[in-house]
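Chains, contacts and geometry: an overview
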Amino acid sequence: MDKAKPFCIPKRAVWEAYQRVRANHGAAGVDGQSIEEFEADLSNNLFKLWNRMSSGSYFPPPVRRVEIPKDNGTGTRPLGIPSVSDRVAQTVAKDYLEPIVDAVFHEDSYGYRPQKSAKQALAKARERCWRYDWVLELDIRAFFDNLDWELLLRALRRHTDCAWVLLYVERWLKAPVQLEDGSLLARDKGTPQGGVVSPIMSNLFLHYAFDCWMWKHYPTIPFERYADDAICHCKTRAQAQHLRAALERRFAECHLELHPQKTRVVYCKDDDRRGTSPDDSFDFLGYTFRPRRSKNRWGKYFVNFSPAVSNKAAKAMRGTLRSWALHNRSDKSIEDLARMFNPVVQGWINYFASFYKAALYPTLRHVDRVLARWAERKYKKLRGHLRRARHWLARVAQSRPTLFAHWKLVQPTAG
């Protein structure tokens, strides 16, 4: 701590922020500097950053924008990538703010919060879908691009008067975006997806725009929100339609807009609720909620409204498998492949096998089909004999059932 500086920012806070940025890896920003290059002169880089932040002379560089494909395959989504030093600076501010604002956030806000997770949101949504007949699925059009700065800074000032936090948050909001052709784009609203402070800023904005408003005006209607994805549980269609109209007005007051096609009223149909509705399914956090055939504890089948991995998520996983290009990895052993890809496959299992895991099995079996094609190319005796390659893979799985992460759920077959 340097008392001569206008702002008292501990050097240790900068060091700890760097450690978190380093652990998260991440791409280079507009300066092209990677984390490894930043570390080459680590002491000077961190001191320079601390000195500028403490003196009030830190100005964030432009944010590099890249376009990433949307999960549904319809276009791209802009992602902002700050430089390494800027990610460290944003992490310092996040570490200061998070304990202050997280303590006041709504219990049903799950996104980007300590001790909260998407699986908790899904479990609560499943429970409430069993108790409430209707769901209002909300979709805010281009939320991160349209977030109002004045309203956000007003909300931030309600929770802190820390001068350096207020100063730098405003500078981060106003930092220009560098497009892929190198040109700079000035902004007057929004916060880049990909920024370290963007999630906590979006949560703070929606805490007042949505969470508190719902608690005040519709305390009997429960909801789950994960960042800008939210669903509300209603007892009747009329209640859901009324809430939709009220939320359209509320978000308009906050300079936001609900997507007219993606915001829908959904009926939670099952064996006990046999009404009709144009919509009886919705997607939330990579899962599709819809009527599904289930078995109770006594072995009797019934129709249950429950979540399972969505088609979009399964398609994205198959796309990841294609990107591995296993047919070009004949130089690798099967043990090498297991070491390389088990962490990814285990991550899929950890998340998508949490609810109705049988829906994940086709994707896991596709992993085995890809492995069989790899074996067919690698071993001369299997070339041109895919069925024989599947037999070979089944024998490997039988003798080494823990080699691949998904084999504990689905064993490869020779068929």
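Attention here is on the structure that accompanies the text.

Quick look at the overall build of the protein
Helices and strands together make up the secondary structure of the protein, namely 14 helices and eleven strands. Once the C-alpha set of the protein is aligned to its principal axes, its extents read approximately 75 × 60 × 40 Å. In the protein, buried positions account for 48% of the 415 residues. The contacts of the protein with a sequence gap of at least 6 include a subset with a gap of at least 24, amounting to 66%. Entry remark: accessible area of the protein is about 21,000 Å², with carbon and sulfur atoms responsible for 50%. Treating the 69 positive side-chain charges of the protein as one cloud and the 45 negative ones as another, the clouds have centres 8 Å apart.

Points about the packing of helix 4 (residues 84-102) against helix 9 (residues 198-217)
The N-to-C vectors of helix 4 and helix 9 enclose an angle of 30°; their axes lie 10 Å apart at closest approach. Relative to helix 9, helix 4 is oriented roughly parallel. The handedness of the crossing between helix 4 and helix 9 comes out as left-handed. Contacts from K94, L97, E98 and V101 of helix 4 reach helix 9 at I200, M201 and L204. In the contact of helix 4 with helix 9, the residues fall into five nonpolar, no polar and two charged.

With respect to the pairing of strand 3 (residues 134-139)
Side chains on a regular strand alternate between the two faces of the sheet. The buried fraction of strand 3 amounts to five of the six residues, a majority that puts the element mostly inside the structure. Here strand 3 pairs with strand 7 (residues 229-234) via six bridges, running antiparallel. Each bridged residue has a counterpart across the sheet, and for L138 the counterpart in strand 7 is A230. Both strand 3 and strand 8 (residues 264-267) contribute to a ladder of four bridges, which runs antiparallel. Paired with L136 across the strands is V265, a residue of strand 8.

Quick word on the sheet that holds strand 11 (residues 301-309)
Pairing between the strands of a sheet is mediated by backbone hydrogen bonds and can be parallel or antiparallel. Pairing in this open sheet of three strands is antiparallel, and the strands run 9-10-11 from one edge to the other. Taken across any chain shown, the strands that pair with only one partner, and hence form the sheet edges, are strand 9 (282-284) and strand 11. The mean inter-strand angle of the sheet, taken between neighbouring strand axes irrespective of direction, is 50°. The sheet contact formed by strand 10 (residues 287-295) and strand 11 spans nine bridges and is antiparallel. Among the inter-strand pairings, F289 is bridged to a residue of strand 11, identified as P307. Strands in contact with helix 5 (residues 118-131) are strand 9, strand 10 and strand 11; relative to strand 10, the strand with the most contacts, it is inclined by about 60°.

Section: the sheet that holds strand 1 (residues 63-69)
The mixed open sheet is built from four strands, whose spatial order is 2-1-4-5. In the strand order of this sheet, the two ends are held by strand 2 (76-81) and strand 5 (184-185), each with one partner. Looking at chain direction, strand 4 (residues 177-178) and strand 5 are connected through two bridges and run antiparallel. Among the inter-strand pairings, V177 is bridged to a residue of strand 5, identified as L185.

Focus: the environment of V169
With respect to the helices, strands and loops of the structure, V169 is situated in helix 8 (residues 163-174). Its relative accessible area of 2% is what places V169 among the buried residues. In the structure, V169 is positioned 140 residues away from V309 in sequence and 37 Å away in space, judged by C-alpha atoms. With near-sequence residues (within four places) excluded, V169 lies in contact with L153, L156 and M201.

Re the nonpolar core
In terms of nonpolar packing, the biggest core is built from 69 residues, with M53, W164, F210, M214, C232, L243 and L247 touching the most fellow members. One finds V135, W392, L393 and A397 within the second-largest nonpolar core, a separate group that totals 54 residues.

Remarks on a positive patch on the surface
Together, K315, R318, R322, R365, R369 and R373 make up a positively charged patch on the protein surface. The set of elements that each furnish at least two residues to the positive patch consists of helix 11 (311-324) and helix 13 (361-378). The topology assignment puts K315 in helix 11. Classification of K315 as partly exposed rests on a relative accessible area of 47%.

A few points about the packing of helix 13 against helix 14 (residues 386-399)
At a closest axis distance of 8 Å, the pairing of helix 13 and helix 14 adopts a crossing angle of 110°. Overall, the two elements helix 13 and helix 14 adopt an arrangement that is roughly perpendicular. When the axes of helix 13 and helix 14 are compared, the crossing they make is right-handed. Along the contact surface, helix 13 presents D368, R369, L371, A372, R373, W374, A375 and E376, while helix 14 presents L386, A389, R390, W392 and L393. Classifying every residue of the contact of helix 13 with helix 14 gives eight nonpolar, no polar and five charged.

About the criteria used
- Residues numbered from 1 in each chain as written.
- Predicted model: local features only at pLDDT ≥ 70, side-chain atom pairs only at ≥ 80, totals over all residues.
- Heavy atoms only, no water.
- Helix = DSSP H or I, 4+ residues; strand = E, 2+ residues; numbered from the N terminus.
- Buried < 20%, exposed > 50% of the residue type's maximum accessible area, 1.4 Å probe, protein only.
- Contact = heavy atoms within 4.5 Å.
- Areas by Shrake-Rupley, 256 points an atom, 1.4 Å probe, with all protein chains shown as cover.
- Lys, Arg positive; Asp, Glu negative; His and termini not counted.
- Charge placed at Lys NZ, Arg CZ, Asp CG, Glu CD.
- Axes fitted to C-alpha atoms, helices over the stretch in contact; angles between N-to-C directions.
- Parallel < 35°, antiparallel > 145°, perpendicular 65-115°, else oblique.
- Left-handed = near helix turned anticlockwise from the far one by under 90°.
- Nonpolar A, V, L, I, M, F, W, Y, C, P; charged D, E, K, R; others polar.
- Pairing = 2+ DSSP bridges.
- Core = buried A, V, L, I, M, F, W, Y, C linked by side-chain atoms within 4.5 Å.
- Patch = residues over 30% accessible without salt bridge, like charges linked within 9 Å, V, L, I, M, F, W, Y side chains within 5 Å.
- Salt bridge = Lys/Arg side-chain N within 4 Å of Asp/Glu carboxyl O.

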